[in-house]
Amino acid sequence: MVLKRVFIISVFFFAWMATAQKNIYESSRFDELSEDHQVLAIVPFLTKLELEQKKSKEDEKTLAEREGYAVQDALETYFSKRRKRKKFNVEFQNIENTNAILAQNDITYENIDIYTVKQLSEILGVDGIISGSLDLNILLSKGVPTDFSILDYFGGDSNYGRIGLKISDGETGKLLWKYEKAITKKTGKNTAELIDRMMKLAAKKFPYDKEKKRKKRKS
């Protein structure tokens with residue numbers, strides 16, 4: 001009985017992994033456009049909230065901004081841990097520096113979307129931009145409910161929204177890589193867990209991964 005359960009869980013896990021890979025796009029020009037990339041900046045994610053409990057427009061804007069910065073922070077944490085193990089062939093600009101430079105140039109969470117990738121890259125002095133979007137019906141930074149059944153877990157019930165992460169080339173503004181994923185109870189109980197699990201699923205396809213680069217050269 002135990003072996004049967006392990007087998008079922010394994011089947012669902014690998015099916016989940018396969019689904020994650022299908023949600024990844026990489027430009028055919030990635031190697032060409034990213035050849036000289038050395039530093040990338042992570043900017044706050046643009047968030048759209050559709051909360052069950054209605055909030056004032058001002059409160060909703062404040063909460064959306066908090067969620068966007070929470071993802072920026074979680075991504076930096078993830079990349080920093082992996083970078084220490086020398087997993088990447090690029091550096092990531094400290095988000096405190098990123099946000100300070102943006103503020104010095106009067107770029108705020110509310111108006112960052114009117115700037116192009118090329119403009120942001122030039123202002124921040126980086127080779128590319130990591131950005132994205134969040135559609136949420138809960139406050140992910142506060143954590144998701146933990147009371148769910150095994151059917152919820154494998155059935156993908158309790159959909160809390162969607163996250164999209166993209167990397168763009170600073171010089172051309174071209175989209176280089178994109179990853180989209182639904183946010184459910186099986187994704188993680190908070191922002192940090194979501195990013196950690198999401199990026200681990202995408203690790204083999206992450207374009208700046210040193211191991212991936214080596215395999216490409218061999219082939």
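Located above this text is the structure these notes cover.
One structure accompanies this document, and this report is about it. A quick note: this is a predicted structure, and the numbers were derived from the prediction, not measured.

Rules of the game
Throughout this document, residue positions are counted from 1 along each chain, in the order its sequence is written. Under the rules for a predicted model, residues below a pLDDT of 70 receive no local features and side-chain atom pairs below 80 are neither given nor counted, while totals for whole chains, interfaces and linings still include all residues. To get the side-chain values, take all heavy atoms of the structure and skip hydrogens and water. Numbering of helices and strands starts at the N terminus; helices are DSSP runs of H or I of at least 4 residues and strands are runs of E of at least 2. Should any heavy atoms of two residues lie within 4.5 Å, those residues are counted as being in contact. Working definition of accessibility: Shrake-Rupley area with a 1.4 Å probe, residue cover restricted to the visible protein chains. To sort residues, take the accessible area from a 1.4 Å probe on protein chains only and compare it with the maximum for the residue type: under 20% means buried, over 50% means exposed, and anything in between is partly exposed. Like-charged residues within 9 Å of one another, or nonpolar side chains (Val, Leu, Ile, Met, Phe, Trp, Tyr) within 5 Å, are grouped into patches, provided each residue has over 30% relative accessible area and no salt bridge. Take a side-chain nitrogen of Lys or Arg and a carboxyl oxygen of Asp or Glu: if they are within 4 Å of each other, that pair is a salt bridge. When charges are counted, Lys and Arg contribute as positive and Asp and Glu as negative, whereas His and the chain ends are disregarded. Note on charges: their place is set at NZ of Lys, CZ of Arg, CG of Asp or CD of Glu.

Quick notes on the overall build of the protein chain
Alright, step 1. Looking only at helices and strands, one finds eight helices and seven strands in the protein chain.
Alright, step 2. Look at the contacts in the protein chain between residues 6 or more apart in sequence, and 74% of them connect residues 24 or more apart.
Alright, step 3. By element, 51% of the accessible surface of the protein chain is carried by carbon and sulfur atoms, the whole surface being about 12800 Å².

Some remarks on the environment of Glu 96
Alright, step 1. Within the element layout of this structure, Glu 96 appears in helix α4 (residues 95–104).
Alright, step 2. Glu 96 sits in the exposed class, given a relative accessible area of 63%.
Alright, step 3. Measuring from C-alpha to C-alpha, the distance between Glu 96 and Asp 73 comes to 9.5 Å, with 23 residues separating the pair along the chain.

So, a positive patch on the surface
Alright, step 1. A surface patch of like charges, here positive, comprises Lys 81, Lys 84, Arg 85 and Lys 87.
Alright, step 2. For Lys 87, the location among the structural elements is in the loop between α3 (57–84) and β4 (91–92).

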